[in-house]
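If you want the building blocks of each chain, they are given just below.
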Amino acid sequence: MPPQPDAAARSLGLSPGDVLGGRYEIVRVIGVGGTGAVFEARHQTIHRTVAVKVLLPELVTSPAIPQRFLQEAETSNAVRHRNIVEVLDFGSEEGRLYMVMEYLRGENLAVFLHREAPMSPARAIKVLDPIMSALQAAHAAGIVHRDIKPQNIFLSHGDGDEEPVPKLIDFGIARRLAEKDARLTATGMILVTPAYMSPEQARGEKEITAAADQYAIGVILFHALTRRIPYNADTFPAMLIAIVTTPPTDIATVRPDLDPGLCRVVMRALARDPSERYPSLGAFRDALKPYASLDAPSPSVSSRPPNPLASEPTRPDGTPVAHAPAPTPRPVSIAPQPTPQPTPHPYVLSAPPAATAPPEMNAPPVRAHVSPALIAIGVVIGLVSLAMMALVATL
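Calculation criteria
Residues numbered from 1 in each chain as written. Predicted model: local features only at pLDDT ≥ 70, side-chain atom pairs only at ≥ 80, totals over all residues. Heavy atoms only, no water. Helix = DSSP H or I, 4+ residues; strand = E, 2+ residues; numbered from the N terminus. Contact = heavy atoms within 4.5 Å. Areas by Shrake-Rupley, 256 points an atom, 1.4 Å probe, with all protein chains shown as cover. Pairing = 2+ DSSP bridges. Axes fitted to C-alpha atoms, helices over the stretch in contact; angles between N-to-C directions. Salt bridge = Lys/Arg side-chain N within 4 Å of Asp/Glu carboxyl O. Buried < 20%, exposed > 50% of the residue type's maximum accessible area, 1.4 Å probe, protein only. pLDDT = per-residue confidence, 0-100. Core = buried A, V, L, I, M, F, W, Y, C linked by side-chain atoms within 4.5 Å.

Q: Quick question: what am I supposed to make of the overall build of the protein chain here?
A: Check the secondary structure of the protein chain and you find 14 helices and 11 strands. At a minimum sequence separation of 6, the contacts of the protein chain that also span at least 24 residues come to 70%. Approximately 16500 Å² of the protein chain is accessible, and the part contributed by carbon and sulfur atoms is 57%.

Written as structure tokens, this is what we have:
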């Protein structure tokens with residue numbers, strides 16, 4: 001059962017009206033996760049509304065999670081870009097580690113894609129291009145995010161914004177290319193969401209380059225255009241095997257109405273060999289530019305029903321109690337995509353996932369045909385991942 005907001009607040013010793021760090025007055029609990037909680041707070045001096053992430057006190061004694069928490073603050077602040085969430089402060093008080101960030105209003109990309117996909121090329125590229133620009137800036141600074149997924153992209157609705165502003169969040173397992181920290185590399189390998197994991201990450205390679213971020217953007221673009229993902233499987237190990245040993249679904253077979261050139265661009269970004277992808281994210285962006293105005297073949301330009309998640313009953317962690325109704329049929333026949341698990345707020349912390357099937361894999365549109373021997377190997381990979389998670393938790 002997800003942690004209850006009130007229980008999380010009590011465990012952190014924080015209630016509305018309390019002041020953290022001598023200046024951040026707690027307003028309310030925004031959301032909770034396996035490793036902490038996020039609060040809306042108000043700076044007492046300048047009266048700015050902010051979001052404050054606070055780690056659970058019992059986790060501060062284990063070096064891995066606080067190190068990841070500090071790294072998120074440092075890395076997010078190392079690249080100043082309009083489309084990267086701004087970290088304003090970081091501190092510790094009475095054994096509580098906290099991070100202060102700009103307060104965002106809106107929804108994450110997982111919720112948006114559940115409602116809007118499949119989309120026209122122009123619309124999909126318009127949403128993702130600012131994130132690609134942010135990643136370009138990170139890569140130029142020698143930083144690889146390593147966990148690009150819809151839940152880590154937030155569509156912020158600020159005052160005066162005519163359109164949502166995409167924001168890249170959660171640099172918790174990001175790493176500078178020059179770093180050789182084996183502990184964080186191993187932890188990051190486990191924390192990456194399998195559906196958006198590059199083949200080199202699925203193989204457990206330690207040296208992960210910017211090509212992994214490009215691959216993840218390719219998966220999200222595939223998702224936005226088709227309402228499904230290139231790979232699917234029933235278990236965590238089977239997903240790893242599929243990503244490593246089989247080619248991704250050809251987007252042209254799912255959306256035959258798309259321009260063949262655009263299909264080639266997407267599939268190059270999804271190449272299993274990093275050297276066969278674009279030489280940089282900038283080159284990938286340039287390859288997409290000719291298709292940024294292609295609205296004609298969209299199966300999604302018709303009117304849409306209201307957002308089912310807006311009025312649907314939710315659990316304390318923000319996930320829907322019941323799945324939203326299927327979207328209105330569109331001209332192009334596309335297999336339904338399983339409902340993504342929306343995060344309750346862009347900053348909610350989560351514990352490392354267990355080696356079980358993620359939400360993206362509940363209703364696979366394409367099955368990977370693997371031998372029993374490969375499945376056995378996958379089971380071993382999953383058990384090793386669990387063992388590594390247990391080891392990190394005890395350190």
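Q: When you look at unusual backbone geometry in this model, what are you seeing that I'm missing?
A: Across the chain, the bulk of peptide bonds are trans and the bulk of non-glycine residues have phi less than zero. The amide bond that connects Ala117 to the next residue, Pro118, takes the cis arrangement and shows omega of 0°. Relative to the assigned elements, Pro118 resides in the loop between α4 (109-116) and α5 (121-140). Of note, the phi angle at His47 is positive, near 60°, even though the residue is not glycine. With respect to the element layout, His47 can be found in the loop between β3 (36-43) and β4 (49-55). Positive phi, normally seen in glycine, also occurs at Arg146, with a value near 75°. Within the secondary structure, Arg146 sits in the loop between β8 (143-144) and β9 (153-156).

Q: Any chance you could explain the sheet that holds strand β10 (residues 165-168) here in plain terms?
A: The strands that make up a sheet pair up through hydrogen bonds in the backbone, lying either parallel or antiparallel. Read across the open sheet, the three strands follow the order β7-β9-β10; overall the sheet is antiparallel. Two strands lie at the open edges of the sheet, namely β7 (106-108) and β10, each paired on one side alone. Pairwise comparison of adjacent strand axes, ignoring direction, gives a mean angle of 25° for this sheet. Across three bridges, the pairing between β7 and β9 is antiparallel. Its bridge partner being in β9, Asn108 is matched across the sheet by Phe154.

Q: Teacher, can you tell me more about the pattern of salt bridges here?
A: Summed over the entire model, instances satisfying the criterion amount to 16 salt bridges. A salt bridge links Lys126 to Glu163; the nearest nitrogen and oxygen atoms lie 4.0 Å apart. One end of the pair, Lys126, is in helix α5; the other, Glu163, is in the loop between β9 and β10, with 37 residues separating them in the sequence. Between Glu200 and Arg277 there is a salt bridge, with its nearest N and O atoms 2.8 Å apart. Remark: Arg277 occurs in the loop between α11 (260-269) and α12 (281-288) and Glu200 occurs in helix α7 (residues 199-202); sequence separation between them is 77 residues. Pair check on accessibility: Glu200 and Arg277 agree, each one buried.

Q: How should the confidence of the model for the protein chain be read in this particular structure?
A: Close reading of the predicted structure is inappropriate where its pLDDT is low. Overall, the prediction assigns the protein chain a mean pLDDT of 74, with 64% of residues at 70 or greater. The spread of mean pLDDT over the elements of the protein chain runs between helix α13 (residues 308-311), the lowest at 30, and α11, the highest at 97. Per-residue pLDDT stays below 50 along residues 176-191; that stretch engages in 38 contacts with residues further than four places along the chain or on separate chains. Ignoring residues within four places in sequence, the model shows residues 389-395, a span with pLDDT below 50, making 12 contacts including any to other chains.

Q: Just checking my understanding: could you explain the sheet that holds β3 for this structure?
A: With antiparallel pairing, six strands are arranged side by side in an open sheet as β1-β2-β3-β4-β6-β5. Every other strand in the sheet has two partners, leaving β1 (19-20) and β5 (87-93) as the edge strands with one partner each.

Q: I tried to follow the nonpolar core on my own but got confused; where do I start?
A: With 58 residues, the main nonpolar core has Leu109 and Phe284 as its most contacted residues. At the level of elements, α4, α5, β9, α8 (210-226), α9 (236-245), α10 (251-254), α11 and α12 are the ones that each hand at least two residues to this core. In contact with Phe284, other than residues within four places in its own chain, are Met132, Gln214, Ile217, Gly218, Leu221, Val265, Ala269 and Tyr278. Residues Val50, Val52, Val54 and Tyr98 belong to the second largest nonpolar core, which totals 16 residues.

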